[in-house]
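Chain residues, written in single-letter form:
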Amino acid sequence: MDDTDLSGLDLAGARAYLVEFATSSKLARKALTALDEDLALWTTRVALAEGKGMAELAAAAKTKLSELEAKRAPLAAELAETEDKVRRIREKLPLVAASERSIDADRLLAELQLMTGELLGDTSPKLEADLARLESEAAVEEGLAALKKNAG
């Protein structure tokens, strides 16, 4: 599934979706920055331990440094992927905005019909005759119901 597919989203939904990815990107960038700071700290500690001739301490610091370096590559890849998605979503956002501005004639007609309370373009004599027939049938049924009530 393509995470940058905005089909089915309105403009507000697409923007919210973009904000989610942008937030994820910012958090990944902060995590990577913090990891880089930790890497610099442990690199300094390794050099300091080696400079003081503390081989055991230097080995422990190198182990920690290796762990941090192993975490950096996947985090950097995640950041690059998220930033790429943000870029692609930003490119597609104007298309969503443009499609939302188009006029749906059927929807507009339905809204006008709701506002005016009449069926536009369908005021044929057949419709009026059908409505009159339904009204007379309803009147007959009411009359029969009244007769049954009085007879019973």
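Here the residue numbers are simple positions, counted from 1 along each chain's written sequence. pLDDT decides what is reported in this predicted model: residues at 70 or higher carry local features, side-chain atom pairs at 80 or more are listed and counted, and totals for whole chains, interfaces and linings draw on all residues regardless. Think of the side-chain values as coming from all heavy atoms in the structure, minus any hydrogens and water.

A.B. asks: Please give an account of the environment of L9 that cites residues and values.
C.D. replies: Along the chain, the position of L9 falls in the segment before helix 1 (11–51). Taking the C-alpha atoms as reference points, L9 and K85, 76 residues apart in sequence, are found 16 Å from one another. It only takes one pair of heavy atoms within 4.5 Å for two residues to be counted as in contact. When near neighbours in sequence (up to four residues on either side) are disregarded, L9 contacts A14, Y17 and V96. Helix and strand assignments come from DSSP, with helices taken as H or I runs of at least 4 residues and strands as E runs of at least 2, each series counted from the N terminus.

A.B. asks: Give a detailed account of the pattern of salt bridges, specifying residues and quantitative values.
C.D. replies: Close approach of charged atoms lets side chains of opposite charge pair. Any carboxyl oxygen of Asp or Glu that lies within 4 Å of a side-chain nitrogen of Lys or Arg is treated as forming a salt bridge with it. All chains considered together, the criterion is met by eight salt bridges. We note a salt bridge from R72 to D36, for which the minimum N-O separation is 2.6 Å. With R72 in helix 2 (residues 55–101) and D36 in helix 1, this pair connects stretches of sequence that are 36 residues apart. Looking at R72, the relative accessible area reads 30%, which means it is partly exposed. In this structure, D84 and R87 form a salt bridge, with 2.4 Å as the shortest nitrogen-oxygen distance. Taken together, the residues span about one helical turn, with D84 and R87 both in helix 2 at a distance of three residues. Think of it in three bands: with a 1.4 Å probe and only protein chains considered, a residue is buried below 20% of the maximum accessible area for its type, exposed above 50%, and partly exposed in between. Owing to a relative accessible area of 27%, D84 belongs among the partly exposed residues under this scheme. When salt bridges with common partners are traced through the structure, they connect D84, R87, R88 and E91 into a single cluster.

A.B. asks: Kindly report on the side chain of K85, identifying the contributing residues and their values.
C.D. replies: Tracing the backbone through its elements, the reader meets K85 in helix 2. Assessed through its relative accessible area of 12%, K85 is described here as buried. Setting aside chain neighbours within four positions, we find K85 in contact with D3, T4 and F21.

A.B. asks: Could you give an account of the packing of aromatic side chains, with specific residues and numbers?
C.D. replies: Each pair of aromatic rings taken from Phe, Tyr and Trp, with Trp reduced to its six-membered ring, is defined by centres within 6.5 Å and is described as stacked if the planes are under 30 degrees apart, edge-to-face if over 60, and tilted in the remaining cases. One pass over the full model with this rule turns up one aromatic pair. For the pair Y17 and F21, a centre-to-centre distance of 5.1 Å together with 80° between the ring planes defines the contact as edge-to-face. Of the two residues, Y17 and F21 are both situated in helix 1; the distance of four residues between them amounts to about one turn of the helix. The exposure classification of Y17 matches that of F21, with both residues buried. Against the face of W42 rests R45, its NZ or CZ located 4.6 Å from the ring centre. Geometrically, a lysine NZ or arginine CZ counts as sitting over a ring once it is within 6 Å of the ring centre and also within 35 degrees of the ring normal.

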